[in-house]
Amino acid sequence: MPTIKDNLHEVLATIPDGVQLVAVSKYHPTECVAEAYDAGCRVFGENHAQEMARKAQALPKDIRWHFIGHLQRNKVRQIIPYVTMIESVDSTRLMLQIEKEAHICDRTIDVLLELHIAQEEAKTGFSMEECRTMLRDGLWRGCRHVRICGLMMMASNTDDEQQIRSEFMKASQFFDEIKQEFFPNEDYFKEKSWGMSSDYQIAISCHSTMVRIGTRIFGERAY
Ligand SMILES: *Cc1c(COP(=O)(O)O)cnc(C)c1O
């Protein structure tokens, strides 16, 4: 059986320079995260506030934790001391809550705006139109403790490669539009977080800068 270290190196060998790997460790025990850490990994993704806080307390402090799941506003406080990037901002209200808690902690939190482009109903995130409206409203400009660094999205869960590719390309084109209109001089607005275990190669060919990979590194999750 390949180890986590083997899997990690195999995945890293297929990711070009300039694309950041986020090792998605959700549902996997702390020991597995430690194993990936020992193999050189420093960026991990979690989707439950309490689980992230617990692992962050138990593991080395130079880990950069990315929150990648739906985040309830009343859970923001739990992760603010630990989180480096919240990839799944899907409402202005959530952004304002992050601003409030980050201010109290005297931190600045990097965030991505989560887009909903996939066909599935259940996926969270802004439609492109909602995202434009939210950026034009401009409330985010007052958020001094939140830095919008780019976009995150998940493609449809399908075997249809053309469908997946077309969704990633839509997101990429939308990124270019938003960059030009709202963040032309902000060098930090550069992240395109798309690609998971099953589709990250396609995502990379569609200009992804950040891939979130769980299963291929840690194996199947036991929910
Ligand atoms: C779980 C999860 C992933 C990783 O999925 P794998 O198929 O295990 O690679 C990536 N992104 C998000 C938002 C997730 O919730």
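Structure's up top.
Residues numbered from 1 in each chain as written. Predicted model: local features only at pLDDT ≥ 70, side-chain atom pairs only at ≥ 80, totals over all residues. Heavy atoms only, no water.

(A) Structural view of the site of the ligand. What surrounds the ligand is the set Val-24, Lys-26, Ile-68, Met-154, Met-196, Ser-197, Arg-212, Ile-213, Gly-214, Thr-215 and Arg-221. The separation between an oxygen atom of the ligand and a polar side-chain atom of Arg-221 is 2.7 Å. Within the complex, the protein chains bury 91% of what would otherwise be the 390 Å² of accessible surface of the ligand. (Near = heavy atom within 4 Å. Polar contact = N/O pair within 3.5 Å; in protein donor to acceptor, adjacent residues only side chain to side chain. Areas by Shrake-Rupley, 256 points an atom, 1.4 Å probe, with all protein chains shown as cover.)

(B) Representation of helix 6 (residues 128-137). Where helix 6 is concerned, the buried positions are Cys-131, Arg-132, Met-134 and Leu-135. Along the axis of helix 6, the buried residues cluster in a sector spanning 165°; they form a single face. For helix 6, the secondary structure elements touched by its buried residues are helix 5 (92-104), strand 5 (109-115), strand 6 (146-153) and helix 7 (161-182). Following helix 6 by one or two positions, Gly-138 has its phi on the positive side, about 80°. (Buried < 20%, exposed > 50% of the residue type's maximum accessible area, 1.4 Å probe, protein only. Helix = DSSP H or I, 4+ residues; strand = E, 2+ residues; numbered from the N terminus. Arc of directions from axis to C-beta. Contact = heavy atoms within 4.5 Å.)

(C) View of the pairing of strand 5. A large share of strand 5 lies buried, amounting to seven of its seven residues. Residues Ile-109, Val-111, Leu-113 and Leu-115 of strand 5 are buried on one face, and the alternating residues Asp-110, Leu-112 and Glu-114, pointing to the opposite face, are buried as well. Note that strand 4 (residues 83-89) and strand 5 share three bridges and pair parallel. Following the sheet pairing, Val-89 is matched in strand 5 by Leu-113. The parallel pair strand 4 and strand 5 is bridged by helix 5, and the resulting crossover is right-handed. Both strand 5 and strand 6 contribute to a ladder of seven bridges, which runs parallel. When the sheet's bridge partners are listed, Val-111 is paired in strand 6 with Ile-148. (Pairing = 2+ DSSP bridges. Right-handed = clockwise from strand over helix to strand, strands pointing away.)

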